[in-house]
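Below are the chains, spelled out letter by letter.
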Amino acid sequence: MKRILFIDRDGVVLQEPPVDFQIDSINKTSFVKGALTQLSRIASEFDFYKVMVTNQDGLGTDSYPESQFYPYHDLMIRTLASVGFVFDEMKIDKTFASDNQPTRKPGTALLTHLMNNPDYDLANSFVIGDRWSDIQLAMNLGAKAIYLKSGLHEISAEQEELFKEVIVLETDSWEAIYQFLKTGLRQVHHERNTNETRISIDLNMDGTGRADIHTGLGFFDHMLDQIARHGKIDLTLEAKGDLHIDEHHTIEDTGIALGEAFAKALSDKRGMERYGFALPMDEADAKVLIDFGGRNWLVWNAEFKREKIGEMPTEMFFHFFKSFSDGAKCNLNIECRGDNEHHKIEAIFKAFAKAIRMAVKRDPLSNYLPSTKGVL
């Protein structure tokens, strides 16, 4: 079965005018940054069936004559063709939103011939758009959504929560879209259950920094949030441990489970940088070096004078990173100097996150495994 790319026009392929949202003159006709280059790559490297789906309010009426639309639309089509990208179909709805027609996105009436055709794999197809109606269209089609953030049509927090199972990528970059289509998301669900803790993790290495973390330890949650936010990964983590005894098992097992989730997500290291470092962070002067080379080792050079920060014992910081190193099978070298204990550990977690971000970066054009051994 063939996969389909459903692509919106205004704000996705062509820059959308912020005042009247109509591309009706040559001065308003310009391509979104990166669109031509990456659509050319997509056309040459993938076998998607390519469909443009666009709402053009009142096209053909006095408010938007076709003579003000097609000259610039056709210019877009010719330009795309010059770099090798040709739409297989173009579906243009000309109604107003107030008409409530099923042909208008997010309605699917213009696409039923594709929905009812067993030759197309809608479950593994994508809608690329910059509005909530594009995300809703993906849901109605049974496809996935790539949300290209144009800055003109922000999705609310409520809409994002509603569509979180549909949106597989949020980005403002066509290069990131190409990379996603080329290599996919490094996304895993992992659970670790013992007599002492029950830990569930959803991890997306190619995320945007979203976090939903609940360990029962507020300061620990805050530190784990730094990993997601500064590492640009999406992390949902719930840990239920024997906190009525003490914090040790919850923190240590969370480190192990998170490391194991990383090992799963990074099982294919082709095109990955592998190494990362961050020097220094804030006035605390934290330094972190990391190597996802398949071997665990920790060098720890950080001392804390306080017994606890928040409700988290400072001795457990070492145990967390040692557990992560064991689970992820990575080398970690951590050093920190400073006077404020809170700033020191926060700087370590921020530097750790930035080192991760550097190490897991991928080049979609490379199939190189970063090891002379030929295996990691």
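This is a predicted model, so every value here is computed, not measured. (Residues numbered from 1 in each chain as written. Predicted model: local features only at pLDDT ≥ 70, side-chain atom pairs only at ≥ 80, totals over all residues. Heavy atoms only, no water.)

A. A look at the overall build of the chain. When its secondary structure is counted, the chain shows 10 helices and 16 strands. Principal-axis analysis of the C-alpha atoms gives the chain an extent of 75 × 45 × 45 Å. The buried share of the chain, taken over its 376 residues, is 50%. Partitioning the contacts of the chain with sequence separation of at least 6, the portion at a separation of at least 24 is 71%. Split by element, the accessible area of the chain, about 17500 Å² in all, is 48% carbon and sulfur. Charge centroids of the chain, computed over 43 positive and 58 negative side chains, lie 5 Å from each other. (Helix = DSSP H or I, 4+ residues; strand = E, 2+ residues; numbered from the N terminus. Buried < 20%, exposed > 50% of the residue type's maximum accessible area, 1.4 Å probe, protein only. Contact = heavy atoms within 4.5 Å. Areas by Shrake-Rupley, 256 points an atom, 1.4 Å probe, with all protein chains shown as cover. Lys, Arg positive; Asp, Glu negative; His and termini not counted. Charge placed at Lys NZ, Arg CZ, Asp CG, Glu CD.)

B. Representation of the packing of helix H1 (residues 35-45) against helix H6 (residues 174-183) in the model. In contact at an axis separation of 8 Å, H1 and H6 are set at 15° when each is read in the N-to-C sense. In terms of orientation, H1 and H6 fall into the roughly parallel class. Judged by the twist between their axes, the crossing of H1 over H6 is left-handed. Where H1 approaches H6, its residues Ala 35, Gln 38, Leu 39, Arg 41, Ile 42 and Glu 45 are matched on the opposing element by Trp 174, Glu 175, Tyr 178, Leu 181 and Lys 182. Residue composition of the contact of H1 with H6, by class: six nonpolar, one polar and four charged. (Axes fitted to C-alpha atoms, helices over the stretch in contact; angles between N-to-C directions. Parallel < 35°, antiparallel > 145°, perpendicular 65-115°, else oblique. Left-handed = near helix turned anticlockwise from the far one by under 90°. Nonpolar A, V, L, I, M, F, W, Y, C, P; charged D, E, K, R; others polar.)

C. Up close: the pattern of salt bridges. This model, assessed by the stated rule, comprises 24 salt bridges. Among the ionic pairs, Lys 182 bridges to Glu 45, the shortest N-O distance being 3.0 Å. Linking Lys 182 in helix H6 with Glu 45 in helix H1, this pair joins segments that are 137 residues apart in sequence. Judged by its relative accessible area of 36%, Glu 45 falls in the partly exposed class. A salt bridge links Lys 105 to Asp 134; the nearest nitrogen and oxygen atoms lie 2.6 Å apart. (Salt bridge = Lys/Arg side-chain N within 4 Å of Asp/Glu carboxyl O.)

D. Inspection of the environment of Phe 277 at higher detail. Summarising the element assignment, Phe 277 is placed in strand S11 (residues 275-281). With residues up to four places along the chain from it excluded, the contact list for Phe 277 reads Val 288, Leu 289, Ala 355 and Met 358.

E. Quick peek at the packing of aromatic side chains. Applying the stated criterion to the full structure yields 19 aromatic pairs. Ring geometry for Phe 220 versus Phe 320: centroids 5.5 Å apart, planes at 80°, classification edge-to-face. Taken together, the residues span a long stretch of sequence, with Phe 220 in helix H7 (residues 218-231) and Phe 320 in helix H9 (residues 315-328) at a distance of 100 residues. Each member of the pair, Phe 220 as well as Phe 320, carries the same accessibility label: buried. Centre to centre, the rings of Phe 321 and Phe 352 are 5.0 Å apart; their planes meet at 85°, and the pair counts as edge-to-face. With Phe 321 in helix H9 and Phe 352 in helix H10 (residues 341-359), this residue pair connects regions lying 31 residues apart in the sequence. (Phe/Tyr/Trp six-rings, centres within 6.5 Å; stacked < 30°, edge-to-face > 60°.)

F. View of H1. Turning to H1, its buried residues number three or more, namely Ala 35, Gln 38, Leu 39 and Ile 42. Looking straight down H1, one finds that the buried residues subtend no more than 100° of arc, so they occupy a single side. Next to the buried residues of H1 lie strand S1 (4-7), helix H2 (70-82) and H6. (Arc of directions from axis to C-beta.)

G. Focus on the sheet that holds strand S7 (residues 187-193). Strands sit in the order S7-S8-S10-S9 across an open sheet of four strands; the sheet is mixed. In this open sheet, the two strands that pair with only one neighbour each are S7 and strand S9 (211-214). Mean inter-strand twist for the sheet, computed between neighbouring axes without regard to direction, equals 5°. As paired strands, S9 and strand S10 (residues 234-241) are joined by four bridges and run parallel to one another. (Pairing = 2+ DSSP bridges.)

H. Fine view of the sheet that holds strand S6 (residues 167-171). Taking strand neighbours across the sheet as the criterion, the six strands line up as S3-S2-S1-S4-S5-S6 in an open arrangement whose pairing is parallel. Looking at strand neighbours, the two that pair on one side only are strand S3 (89-93) and S6, the edges of this open sheet. Pairwise comparison of adjacent strand axes, ignoring direction, gives a mean angle of 15° for this sheet. Pairing between S1 and strand S4 (residues 126-129): three bridges, direction parallel. Bridged to Ile 7 within S4 is Ile 128. Contacts from helix H4 (residues 132-141) reach S1, strand S2 (49-55), S4, strand S5 (144-148) and S6, with the element oriented near 170° to S4.

I. A look at the pairing of S10. Bridging between strand S8 (residues 197-204) and S10 involves eight bridges; their strand directions are antiparallel. Looking at S10, one finds that Ile 201 is bridged to Leu 237. Each parallel crossover has a hand, and the one from S9 via H7 to S10 is left-handed. (Right-handed = clockwise from strand over helix to strand, strands pointing away.)

Honestly, that's just the spatial picture; any functional story needs more than this.
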